[in-house]
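Working through the structure, step by step
One-letter residues, chain by chain:
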Amino acid sequence: MIVEGIGVGVGVGVTVGDGVGVGDGVTVGDGVTVGDGVTVGDGVTVGDGVTVGDGVTIGDGVTVGDGVTVGDGVTVGDGVGFGDGVGVGVGLGLRVGLAKAANLIILEEFVISPTAA
C-alpha cells in the first residue's frame, strides 16, 4: 500500500512495502525497493536502484543518489543529500542539510551533523 501525494512520479520496476506514506512532489527512479512503514517527505528525489529498509523516515527535500542503500530504522533529516552508491546503516540519524560524497559507507548507531560555518 502506498499513500501518494500530489505530483508523485514513480519509475518502472519499483517495489513498495506496506504502510508507506509519500509526500507531495516526490520522484522515485527505476528499480527502487521500499520497505514497510517508510515515510517520505515532500520534494524528495530518489535515484535508480535505491533500497530503503523498513521503518525509514526521509525528510523534506532529500536527494538520494543512484544505488544508495538506507538500512532499517534510519531517519534522514530535511535537505540531506546522498551521492551515488552511499550505504547508510541501521539506526543512523542524519541531520538537516548534510551532504555526503559518493561511495561512503556508514554503519550502526552514528549521528552525523553538519559542521558549523
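Computed from a predicted model, the values in this text were never measured in an experiment. (Residues numbered from 1 in each chain as written. Predicted model: local features only at pLDDT ≥ 70, side-chain atom pairs only at ≥ 80, totals over all residues. Heavy atoms only, no water.)

1. A short note on the overall build of the protein
Of regular secondary structure, the protein possesses zero helices and 19 strands. Looking at the protein residue by residue over its 117 residues, the buried ones come to 39%. Across the protein, the fraction of contacts at a sequence separation of at least 24, relative to all contacts at a separation of at least 6, is 0%. Carbon together with sulfur atoms contributes 57% to the accessible area of the protein, which is approximately 5,600 Å² in total. (Helix = DSSP H or I, 4+ residues; strand = E, 2+ residues; numbered from the N terminus. Buried < 20%, exposed > 50% of the residue type's maximum accessible area, 1.4 Å probe, protein only. Contact = heavy atoms within 4.5 Å. Areas by Shrake-Rupley, 256 points an atom, 1.4 Å probe, with all protein chains shown as cover.)

2. Considerations on the environment of Ile58
Positionally, Ile58 belongs in strand 10 (residues 57–58). Spatially, the C-alpha atoms of Ile58 and Gly79 are 9.5 Å apart, while their sequence positions differ by 21 residues. Not counting chain neighbours up to four residues away, the residues in contact with Ile58 comprise Thr39, Val40, Gly41, Val44, Val52 and Val76.

3. Looking at empty space enclosed by the protein
Enumeration according to the criterion identifies one cavity of 30 Å³ or more in this entry. Taken as a whole, the largest cavity spans an internal volume of roughly 120 Å³. What lines the largest cavity is a set of 13 residues, among which Val20, Val22, Val28, Val34 and Val40 lie closest to the centre. Considering only residue class, the lining of the largest cavity consists of 13 nonpolar, no polar and no charged. (1 Å grid on protein atoms, 1.4 Å probe; cavity = no way out; pocket = protein on both sides within 12 Å on 5 of 7 lines; lining within 4 Å. Points joined across faces, edges and corners; volume = space filled by probe spheres on them. Nonpolar A, V, L, I, M, F, W, Y, C, P; charged D, E, K, R; others polar.)

4. With respect to the nonpolar core
Residues Val26, Val38, Val44, Val50 and Val62 are the most contacted members of the largest nonpolar core, which totals 23 residues. Residues contacting Val44, with those up to four places away along its chain left out, are Gly25, Val26, Thr27, Ile58, Gly59, Gly61 and Val62. (Core = buried A, V, L, I, M, F, W, Y, C linked by side-chain atoms within 4.5 Å.)

5. Side note on a negative patch on the surface
Taken together, the side chains of Asp18, Asp36, Asp54 and Asp72 define an acidic patch exposed on the protein surface. Positionally, Asp54 belongs in the loop between strand 9 (51–52) and strand 10. We classify Asp54 as partly exposed; its relative accessible area is 36%. (Patch = residues over 30% accessible without salt bridge, like charges linked within 9 Å, V, L, I, M, F, W, Y side chains within 5 Å. Salt bridge = Lys/Arg side-chain N within 4 Å of Asp/Glu carboxyl O. Lys, Arg positive; Asp, Glu negative; His and termini not counted. Charge placed at Lys NZ, Arg CZ, Asp CG, Glu CD.)

6. Side note on the confidence of the model for the protein
Of all residues in the protein, 68% have pLDDT values of 70 or greater, and the mean over the chain is 76. Note on residues 93–117: pLDDT is under 50 here. Beyond four places in sequence and across chains, it has 60 contacts. (pLDDT = per-residue confidence, 0-100.)

7. Brief notes about the environment of Thr27
Within the secondary structure, Thr27 sits in strand 5 (residues 27–28). Considering only alpha carbons, one finds Thr27 and Asp42, 15 residues apart in sequence, at a separation of 9.8 Å. Discounting residues that sit within four places of it in the chain, Thr27 has contacts with Gly9, Val44, Thr45 and Val46.

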